[in-house]
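The primary structure of each chain is shown beneath.
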Amino acid sequence: MSLKSPLRRVTYLGSAKGGSGHWFAQRMSAVALVLLGLWLVAALATMGGASHANVVAWLSSPVAAAFAVLLVLVAAWHAVLGLQVVIEDYVGAKGQRLAVLIVVKFVFAVAAVIGVLAVLRIAFGVAA
Amino acid sequence: MPQFKLPENSRVQPGKTHPAPAGARDVRTFKVYRFDPDSGEKNEVDSTLTFRRSCREGICGSCAMNIDGVNTLACIKATSEIRGDVKIYPLPHMPVIKDLVPDLTNFYAQYASVKPWLQTRTPAPPDRERLQSKDDQEKIDRPSACILCACCSTSCPSYWWNSDRYLGPAALLAAYRWIIDTRDEATGERLDDLEDPFRLYRCHTIMNCAQACPKDLNPAKAIAEIKKMIAERQH
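Quick notes on the rules
- Here the residue numbering is sequential within each chain, running from 1 through the sequence in written order.
- Chains carry letters and ligands carry numbers; both start at the beginning, A for chains and 1 for ligands, and go up in the order they are written.
- Where local features are concerned, this predicted model is filtered to residues with pLDDT of at least 70; where side-chain atom pairs are given and counted, the filter is 80 or more; whole-chain, interface and lining totals use all residues.
- Hydrogens and water are ignored here; the side-chain numbers use all heavy atoms of the structure.
- The secondary structure listing takes helices from DSSP runs of H or I that are at least 4 residues long and strands from runs of E that are at least 2 residues long, numbered from the N terminus.
- C-alpha atoms define the radius of gyration in this analysis, and the globule rule sets the expected value at 2.2 Å times the number of residues to the power 0.38.
- Three labels apply to residues, based on accessible area from a 1.4 Å probe with only protein chains included: buried if under 20% of the type maximum, exposed if over 50%, partly exposed otherwise in between.
- Contacts are residue-level and defined by heavy atoms, with any inter-residue pair within 4.5 Å sufficient.
- Shrake-Rupley sampling with a 1.4 Å probe provides the accessible areas, and residues are treated as covered by the protein chains on show and by no other component.
- Just so you know, the count uses Lys and Arg for positive and Asp and Glu for negative, and it drops His and the chain ends.
- Charged groups are reduced to one reference atom each: NZ for lysine, CZ for arginine, CG for aspartic acid, CD for glutamic acid.
- As a per-residue quantity, pLDDT reports the predictor's confidence and falls between 0 and 100.
- We call two N or O atoms a polar contact when they sit within 3.5 Å, provided that within protein one can donate a hydrogen and the other can accept it, with sequence-adjacent residues counted only if both atoms are side-chain atoms.
- In this document the domain limits rely on a domain assignment from an automatic tool or a database.
- When two components associate, each loses some accessible surface as probed by a 1.4 Å sphere; the sum of these losses over both components is called the buried area.
- We count a salt bridge whenever a side-chain nitrogen from Lys or Arg sits within 4 Å of a carboxyl oxygen from Asp or Glu.
- Gly falls in the polar group here, along with every residue not listed as nonpolar (Ala, Val, Leu, Ile, Met, Phe, Trp, Tyr, Cys, Pro) or charged (Asp, Glu, Lys, Arg).
- The aromatic pairing rule takes the rings of Phe, Tyr and Trp, using the six-membered ring of Trp, and pairs them if the centres are within 6.5 Å, calling planes under 30 degrees apart stacked, those over 60 edge-to-face and the rest tilted.
- Only Lys NZ and Arg CZ are tested; either one counts as a charge over a ring when it is within 6 Å of the ring centre and within 35 degrees of the ring normal.

**Comments concerning the overall build of chain A**
So, point 1. Scanning chain A for helices and strands turns up five helices and zero strands.
So, point 2. Start at the N end of chain A and walk to the C end: the helices and strands fall as α-α-α-α-α.
So, point 3. Scaling as 2.2 N^0.38, a compact globule of 128 residues should have a C-alpha radius of gyration of about 14 Å, whereas chain A reaches 21 Å, well beyond that.
So, point 4. Taking the principal axes of its C-alpha atoms as reference, chain A extends roughly 70 × 25 × 20 Å.
So, point 5. Each of the 128 residues in chain A was classed as buried or not, and the buried ones make up 30%.
So, point 6. The contacts of chain A with a sequence gap of at least 6 include a subset with a gap of at least 24, amounting to 73%.

**Describing the overall build of chain B**
So, point 1. Looking only at helices and strands, one finds seven helices and six strands in chain B.
So, point 2. Start at the N end of chain B and walk to the C end: the helices and strands fall as β-β-β-β-β-β-α-α-α-α-α-α-α.
So, point 3. Summarising its shape, the C-alpha atoms of chain B cover approximately 65 × 40 × 30 Å along the three principal directions.
So, point 4. Scored against the burial criterion, the 235 residues of chain B give a buried share of 40%.
So, point 5. Contacts in chain B between residues far apart in sequence, at least 24 positions, make up 67% of those at least 6 positions apart.
So, point 6. Accessible surface computed for chain B: about 13600 Å², of which carbon and sulfur atoms make up 51%.
So, point 7. Treating the 33 positive side-chain charges of chain B as one cloud and the 31 negative ones as another, the clouds have centres 3 Å apart.

**Here we look at the confidence of the model for chain B**
Residues and elements named next belong to chain B.
So, point 1. Averaged over chain B, the pLDDT score is 91; the fraction of residues at 70 or greater is 94%.
So, point 2. Within the model, pLDDT remains below 50 along residues 40-46, and this stretch shows six contacts once partners closer than five positions in the same chain are excluded.
So, point 3. Interface confidence in the predicted complex, given as ipTM, is 0.88; pTM for the same model is 0.86.

**Focus: the side chain of Ser155 of chain B**
All names here are of chain B.
So, point 1. In this structure, Ser155 sits in the loop between helix H2 (134-141) and helix H3 (157-162).
So, point 2. By relative accessible area, Ser155 is classed as buried at 9%.
So, point 3. In terms of polar contacts, Ser155 uses its side chain to reach the backbone carbonyl oxygen of Cys152, at 2.7 Å.
So, point 4. Filtering out sequence-adjacent residues up to four positions away, Ser155 remains in contact with Asn71, Trp160, Asn208, Cys209 and Ala212.

**What to know about the domain arrangement of chain B**
Interfaces are often described in size by the accessible area the parts lose on coming together.
All names here are of chain B.
So, point 1. For chain B, the assigned domains are domain 1 (30-102) and domain 2 (105-233).
So, point 2. One C-alpha centre belongs to domain 1, the other to domain 2, and the line joining them spans 27 Å.
So, point 3. Each partner contributes residues to the interface: domain 1 has 13 residues there, and domain 2 has 13 residues.
So, point 4. Between domain 1 and domain 2, the buried area comes to about 1000 Å², and carbon and sulfur atoms account for 66% of it.

**A word on unusual backbone geometry**
Residues and elements named next belong to chain B.
So, point 1. One non-glycine residue, Arg56, lies in the positive phi region at around 55°.
So, point 2. Relative to the elements of secondary structure, Arg56 occurs in the loop between strand E1 (30-32) and strand E2 (64-67).
So, point 3. Judged by its relative accessible area of 62%, Arg56 is exposed.
So, point 4. Here the phi dihedral of Thr205 falls at roughly 55°; this positive angle occurs in a residue that is not glycine.
So, point 5. Summarising the element assignment, Thr205 is placed in the loop between helix H5 (187-194) and helix H6 (208-212).

**What to know about the interface of chain B and chain A**
So, point 1. Opposite the 29 residues of chain B that make contact, chain A presents 23 residues.
So, point 2. Surface buried jointly by chain B and chain A totals about 2200 Å² across both partners, of which 57% is contributed by carbon and sulfur atoms.
So, point 3. When the shortest N-O distance is used, the salt bridge between Glu88 of chain A and Arg202 of chain B registers 2.4 Å.
So, point 4. The tally of links from chain B across to chain A stands at 16 residue pairs in polar contact (both at pLDDT 80 or more).
So, point 5. Of all the secondary structure elements, the ones that give two or more residues to the side of chain B that touches chain A are helix H1 (105-113), H3, H5 and helix H7 (219-232) of chain B.
So, point 6. Broken down by element, the residue count for the side of chain B that touches chain A peaks at six residues, all from H1 of chain B.
So, point 7. For the side of chain B that touches chain A, the residue count by class is 11 nonpolar, nine polar and nine charged.

**A closer look at the packing of aromatic side chains**
So, point 1. On inspection of all chains with the given rule, the structure shows eight aromatic pairs over all chains.
So, point 2. Geometrically, the ring pair formed by Trp39 of chain A and Trp58 of chain A is stacked, given 5.7 Å between the ring centres and 25° between the ring planes. With Trp39 of chain A in helix H2 (residues 20-45) and Trp58 of chain A in helix H3 (residues 52-60), this residue pair connects regions lying 19 residues apart in the sequence.
So, point 3. Classification of Trp39 of chain A as buried rests on a relative accessible area of 18%.
So, point 4. Residue class for Trp58 of chain A comes out partly exposed when judged on its relative accessible area of 24%.
So, point 5. Relative to Tyr108 of chain B, the ring of Phe107 of chain B lies with its centre 5.7 Å away and its plane at 65°, an arrangement referred to as edge-to-face.
So, point 6. Connected via pairs of aromatic rings, a cluster forms that spans Trp39, Trp58 and Phe67 of chain A.
So, point 7. For the cation-ring pair, Arg177 of chain B lies above Trp178 of chain B, with the distance from its terminal atom to the ring centre recorded as 3.7 Å.
So, point 8. In this structure, Arg202 of chain B packs its charged tip against the face of Phe198 of chain B, placed 4.9 Å from the ring centre.

This is the structure we're talking about:
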């Protein structure tokens, strides 16, 4: 049984004075994903039946490569922001929550870098 | 992890039935949740059902409970609105003191934590009250109508999982009521205190609060407005 007053328990460590950046970024990255997603779908739609060489040539263009890199980064960022909300909602134990958050962020950082490198290899003609 | 199962002594078991008196008209079955913290220890006697009630006209907020699966005030919920058996449970996901009486200590402390009173540095005019335009008064008209029955907060999944840190719709609606009060001079401090991943941003606009509110208020919209104000001061 805790001897702390109910108000002391509620006020806890005080306000983090944060969270608004996360909230705003989640919404902005969603908007960016819609635009980048439309671009990807439109681009793929025009390339039905195109040869491997044609697709590689398309992705080597600076604009296509830039959008592809952005798509990878924004998708990973948005996924991390969204998973953070889910984890904060459902993982109650404090240490566990932080541990899961760190693991998720590391996994997505690795995935994002792999994705970016994959695009860059094609853009720079490393992969044939 | 969130608690998805009730503790052992809170699981619902078949209980007592009291048949209607012979010759009764307009017979309806009421299924009422009973919880005796001492059950198993003392002899089962037909003790009185415990619940809070006071005004019987939907203004005190005492008799909030879960009726037919929805949080509402027992005094203004008509039996005729419900088809079949009337199932009555205490407000969800709160510690039960007895039967239909939940422990609202944390809920009231959260309300107190948003400092629900006028904060000013400018002294009031010596000869009259602080003035406010009619339009400005109307902004706080609806949020002021909250009776703190806790129907909204206890209907909110985010509040179920994180009520130790998330303030919940009722406390945030109260905070909003003072944030938009044009006579209040602590708006910035109030927003500072709310800007927190758990206190405010656990709201995911699920809207159960607005649906449950027996006074037809919209705490979800108030929370969205608070988020917009916090975004506004950064851009």
